[in-house]
Amino acid sequence: MARQKPQIILSSLDLDRIEALLAAIPASAFPGKAELQAELDRADVLAPEDIPPHLVTMNSTVKFTIAETGKEFCLTLVYPRDMDGSADRVSIFAPVGSALLGLSVGDELAWPGPGGKAMTVRVKEVVYQPESAGELHR
């Protein structure tokens, strides 16, 4: 039996920006487009100043594990234009990035990984979050 997906919460600013990006990308160029759109559609949306500090938002730095491998990562969730080749960033359009967005500390979410194999992302800590740092209009 599939576990219930955790509730996700998005900042209205992030949602607007991501939906604009998605609208400009053909599904053929982004295999996870339908899944990400479905997550956006089911999210609770809050004003940036109302975002709780334990939540993964765009430009947050997050410690998380992949349950299937037990590996731990600490990555910053960024828009594709901010991917600069550094190993400490993950794009919102990467499977892990799509899975992380909107989760809270302690949540886990099964998501189709590279090659279609499911991976379960578990959020351990939000190391940095722009909203709680007062950067509401980044």
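Residues numbered from 1 in each chain as written. Predicted model: local features only at pLDDT ≥ 70, side-chain atom pairs only at ≥ 80, totals over all residues. Heavy atoms only, no water.

Draft legend 1. Up close: the pairing of strand β6 (residues 108-112). Residues L109 and W111 line the buried face of β6, whereas the alternating positions E108, A110 and P112 sit on a face that is not buried. The pairing of β6 with strand β7 (residues 118-128) spans 5 bridges and is classified as antiparallel. Along β7, the bridge assignment pairs E108 with R122. Between the antiparallel neighbours β6 and β7 lie 5 residues, among them G115 with a positive phi of about 80 degrees. (Buried < 20%, exposed > 50% of the residue type's maximum accessible area, 1.4 Å probe, protein only. Helix = DSSP H or I, 4+ residues; strand = E, 2+ residues; numbered from the N terminus. Pairing = 2+ DSSP bridges.)

Draft legend 2. The arrangement of the pairing of strand β4 (residues 71-78) in detail. In this sheet, β4 lies alongside strand β3 (residues 61-66) in antiparallel orientation, the contact comprising 6 bridges. Residue pairing for β4: F64 is matched across the bridge by F73. Taken together, β3 and the strand that follows it, β4, pair antiparallel across an intervening segment of 4 residues, in which G70 is found at a positive phi of about 75 degrees. In terms of strand pairing, β4 meets strand β5 (residues 89-91) through 3 bridges, oriented parallel. Residue V78 lies in a different strand from β5, and its bridge partner there is S91.

Draft legend 3. Representation of helix α1 (residues 12-23) in the model. Given a rise of 1.5 Å per residue, 12 residues ought to cover 16 Å, and the 16 Å separating the end C-alpha atoms of α1 matches this to within 8%. What α1 keeps buried is the set D14, L15, I18 and L22. The buried residues of α1 occupy one face: seen down the axis, they fall within an arc of 95 degrees. Turned more than 90 degrees away from the buried face of α1 sit D16 and A23, all of them exposed. The inward-facing, buried residues of α1 contact β1 (9-11), α2 (33-42) and β2 (44-46). Of the residues flanking the start of α1, the one acting as N-cap is S11, its side-chain oxygen 3.1 Å from the backbone nitrogen of L13. (Expected span 1.5 Å × (residues − 1). Arc of directions from axis to C-beta. Contact = heavy atoms within 4.5 Å. Polar contact = N/O pair within 3.5 Å; in protein donor to acceptor, adjacent residues only side chain to side chain.)

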